[in-house]
Structure formats: C-alpha cells, structure tokens
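Observations on chain architecture
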Amino acid sequence: AHLDRIAEVDGRVHAFLHVDDAGAVEAARAVDARRAAGEKLGPLAGVPIAIKDVIATKGIPTTAASKILEGWRPPYDATVMTRIREAGMVMLGKTNMDEFAMGSSTEYSAYGPTYNPWDLTRIPGGSGGGSAAAVAGYEAPLAIGTDTGGSIRQPGAVTGTVGAKPTYGGTSRYGLIAFSSSLDTPGPVARTVLDTALLHEVIAGHDPRDSTSIPLPVPDVVAAARQGATGDLTGVRVGLVKEFSGEGAEPGVMAVYRDTVEALTKLGAEVVEVSCPHFQYALPAYYLIAPSECSSNLARFDAVRFGLRVGDDGRNSLEDVMSLTREAGFGDEVKRRIIIGTYALSSGYYDAYYGQAQKVRTLITRDFTSAFEQVDVLVSPTTPFTAFELGARTADPYQMYLADLYTIPTNLYGGPAISVPAGLSDGLPVGLQIMAPTMADDRMYRIAAAVE
Ligand code: GLN
C-alpha cells in the first residue's frame, strides 16, 4: 500500500531519491518467514520505513543528496539500519535532503527540492525534508532523520509531524555520513509521539563501533509516551526559555505557542520562565563549529575513494583531478561551509574563531545545567516561522540559518529534544519543542504525548 501511495504522490512531493520496490517486497516476505519460523519479533516488525539518504544502506544508492556521491552503493549498513532490519522493519527507500545535511529547506539537494504535502509551493523544512514529507504525505508511517542543528525537529514542525533528536551518543553515528561529528545525531520521525518512541527504542543504545556512543541503558521512552498520553502532568516543572519568547518569531507561531503553554498548565504542569542568557550566541557558535568539523569530514571526498571523478584524462595531475571533482561535485552551500570552516581552523584564526565558539558552547551547556536544576524540561517554539515558499530564503544564507535559531542550543549541549505538532497558524503547522537533560529522553516523550 505504501509503495502504491509513493507511486501516486511522489511525482509531486519528491520525498524520495530512491525507492526500493523489490527490496521492500522481499523484506516484507522475509518478516513473514521469520514469524512462520517462530521468531518473536518486536512491535514494529513488518512496518515500512523511509531512510534519510545520509545513512549508509548496504547495496542501496546513498548520495547524501550530493553529486559527488552519485552512484555510490555502500558495502555496509549503518548501525541504525542494522537495528531496523533486525527489528523486521521494511525499508521503502532513501529520502531527499539538503546536500550533506546542510540547510533548512531541502532546496540545497543536488537532485531538486522536496515539496511540503500541506502546500506544494512551500518547503518541507530541512535538512531532512524528505523524511518529514514522506511521513506527512502518508508515503511512509515512519522515517529516520539526522539532527545536527535541527534537521529532524524543524522539518517535523513545518510538516505537522513528530521528530525527535535523541541525546547525543544515544543513537549510533556508525554509517552516518559525517557532517559535524560532535553534533550529528540520528533520530526518529513519525506521525504520533508513541510511534516516534517505538522507533527510538529500535535504533537507540550503545554501539562499540561509535566512540562517542553512550554505554548506558536506553531510557524507557515507550513507557514515558504511554504515561504522558494519560494527560496528567501534575508535579512536572516546565521552563519557558525567556530568550526564545517572541523576538524574531512570527506572531502566528507565538500565538500557538502561548496556547500550548496554557494547555500544559491545565494538565497540571507548573510553568515558570527560565533565563538562558547565552542561547543568543548559539547560532554564531554553531556556524563556526559545524563548518569547521565539516571542512575536515568532507576532505575524504577526494575523487579516489567514492563516487565522482572528474578530469582523469591522463594529462591532469592528481591534485587537479581532486579539485576539478570537488568543484563539480559539491554545491554552493557545501563549498561555503568548507571555506568558512577551513578559515576558522587555520593557524592565526583558530583561537579567535573556533576556540571562541568552543567557549560559547561551554557557556550554553552551563545555561542548560542550571536551568535543569530549576525545571524538568524547557520548552520553546521549534522554529520561528512556519513553512515558507520555495525560494524565499535562498538568496541570503543568514535568513536560512535563522530557521534553526531555537533548535541549535540543544545540539551544542548534547541533550535530547522533540518537536510535537502544537496547532496551526494560517493553516500551516506549528511545532512545540521540548528539551530535556542528557539521557532523560523519556521525560520529553512524556510531555510531548500529553501535548499531542
Ligand atoms: N540547518 C542547519 C544547518 O544547515 C542544521 C542542519 C542539520 O541539523 N543537519 O547546518
């Protein structure tokens, strides 16, 4: 049914870069066979799923929406993919995204944009716009995204879906094509909080193949989602981030936000305002740290190891082939990040830029730590504005970067955060973001399920 739905609507939505019809049917039959053989499978066995194209999938094209990886078929599965297969889930295909996960609208895909199923003239968010649109458009019930600065939560907010960024290190980065290694976090996308938690449970947990993976048990996110669904938040302390309470946000978004906070109070939560004075520096710090790490990570695309190879005619030097390949293979936004990052890391500038940004990161972490001494969770709108028209923010990179104003602090800190649909503004979805302390992922699911 999902393959039929994809065939019917994806010509207009363009959520997928690759649909694996044959593989999906084969995987579904394999689940039946495992069941028939008496294997006891989990609650998501047989359930279809769409995978963001930045996740390595064995034998299946994986491009990170870049020309430089066109035609690459990974020889191995990412850990999240291995766990999805072990759970008996059925992969439908690979979803569109901003190239190498750099962007907030999916317009920076080298293969053309994805369109928001709510309004096909508008963006589905990014970088994981394909995963969010697939779920919002009923092409897949579940999807995997990755969140470095907001790429699961912001697409969730603007497509009316649920998107969770787990605690950094709570889900494995093994087999995730690296953008910014100290921030990248794979996570679940779904239409309900409980579905999101069920998928979270499948993909999370320690992985010895990822050196930053946390060797602790996964918080019981499914039980928390069920508890939250009872709608009782008595005794829960919710902090409103003072710095994210209006400035720069659309009035319609703020109106939904205020109504949702009001609803939390009615469910019994105690709501207080909390100041996080360094959050205002998160965006500039992120746009030094993420490009710095990306400039190093993307050095591996050297015309030798993967995909594209340009100018290899026997006359050009190896260096010429590398630079011709990178010139042709990377899009403008990726090049911009590599240049910013290379500059910020260069000797003489390192202390002034990268070093300063790391200090700001520490201050933001302290803001979170002291906030969580006062409250159980922090909330804010997920994003300052609803889905914008295609082309509206591509002329000025800063306008695009603002989409993640409220999501980035969490990545710098490393804690979990979720976006849950909170209402509509002018007919377009608005998300509430719930942020929790590291390894307290269950807490955000409880609140999210109560809000839903
Ligand atoms: N929009 C942010 C960026 O462009 C976040 C991307 C992400 O989370 N992958 O870097």
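First, a word on scope: everything that follows refers to the structure included in this document. (Residues numbered from 1 in each chain as written. Predicted model: local features only at pLDDT ≥ 70, side-chain atom pairs only at ≥ 80, totals over all residues. Heavy atoms only, no water.)

Describing the pairing of strand β8 (residues 270-274)
For the record, the criterion: Any two strands are treated as partners once DSSP identifies two or more bridges connecting them. Strands are runs of DSSP state E lasting at least two residues, helices are runs of H or I lasting at least four, and both sets are numbered from the N terminus onward. Viewed with both strands pointing away, a crossover whose connecting path from the first strand over the helix to the second turns clockwise is right-handed.
Here strand β7 (residues 237-241) pairs with β8 via 5 bridges, running parallel. What sits directly across from valine 241, in β8, is valine 274. Each parallel crossover has a hand, and the one from β7 via helix α8 (residues 251-266) to β8 is right-handed.

Side note on α8
Filter applied, for reference: For a helix, the expected span equals 1.5 Å multiplied by the number of residues minus one. The buried label goes to any residue with under 20% of its type's maximum accessible area, the exposed label to any with over 50%, and the partly exposed label to all in between, with areas taken from a 1.4 Å probe on protein chains only. This arc is built from the directions going out from the helix axis to the C-beta atoms. We call two residues in contact whenever any of their non-hydrogen atoms come within 4.5 Å of each other.
Between its first and last C-alpha atoms α8 spans 23 Å; for 16 residues at 1.5 Å apiece the expected length is 22 Å, and the two agree. Within the span of α8, buried status applies to Val253, Met254, Val256, Tyr257, Thr260, Val261 and Leu264. Projected down its long axis, α8 carries its buried residues within an arc of 160°, all on one side. Across α8 from its buried face, at more than 90 degrees, point the exposed residues Pro251, Arg258, Asp259 and Lys266. The inward-facing, buried residues of α8 contact β7, β8, β9 (377-381), β10 (417-425), β11 (428-435) and α15 (441-451). Once α8 finishes, glycine 268 follows within two positions and takes phi at roughly 110°, a positive value.

As for the nonpolar core
Our working definition: Think of a nonpolar core as a cluster: buried Ala, Val, Leu, Ile, Met, Phe, Trp, Tyr and Cys residues, connected wherever their side-chain atoms sit within 4.5 Å.
In terms of nonpolar packing, the biggest core is built from 108 residues, with Ile84, Met89, Phe100, Leu378, Ile434 and Tyr445 touching the most fellow members. Counting 16 residues, the second-largest nonpolar core is a separate cluster that includes Phe16, Leu92, Ala133 and Ala140.

Some thoughts on the packing of aromatic side chains
Going by this rule: Pairing of aromatic side chains requires ring centres within 6.5 Å, counting the rings of Phe and Tyr and the six-membered ring of Trp. Pairs whose planes differ by under 30 degrees are stacked, by over 60 edge-to-face, and all others tilted. Two conditions define a charge sitting above a ring: the NZ of Lys or the CZ of Arg must be within 6 Å of the ring centre, and it must be within 35 degrees of the ring normal.
All chains considered together, the criterion is met by 19 aromatic pairs. Ring geometry for tyrosine 350 versus tyrosine 354: centroids 5.3 Å apart, planes at 50°, classification tilted. Judged by its relative accessible area of 13%, tyrosine 354 falls in the buried class. Among the aromatic residues, those joined into a ring-pair cluster are Phe244, Phe279, Phe368, Phe372, Tyr406 and Tyr413. The positively charged end of arginine 191 is found above the aromatic ring belonging to tyrosine 138, 3.9 Å away from the centroid. Seen from the ring of phenylalanine 385, arginine 393 lies directly overhead, with NZ or CZ sitting 3.6 Å from the centre.

Points about the site of the ligand
As a reminder, the rule being used: One heavy atom suffices: a residue is near a molecule or strand as soon as one of its heavy atoms comes within 4 Å of it. Residues adjacent in sequence count toward polar contacts only when both atoms are side-chain atoms; beyond that, a polar contact is any pair of N or O atoms within 3.5 Å, and within protein one must be able to donate a hydrogen and the other to accept it. In this classification, the charged set is Asp, Glu, Lys and Arg, the nonpolar set is Ala, Val, Leu, Ile, Met, Phe, Trp, Tyr, Cys and Pro, and all remaining amino acids, among them Gly, are polar.
Around the ligand there are 15 residues in total, and Gly149, Ser151, Tyr286, Arg337 and Asp404 lie nearest to it. One nitrogen or oxygen atom from the side chain of tyrosine 287 is found 3.3 Å from an oxygen atom belonging to the ligand. A distance of 2.7 Å separates an oxygen atom of the ligand from a polar side-chain atom of arginine 337. Across the shell around the ligand, the residue classes break down as 5 nonpolar, 7 polar and 3 charged.

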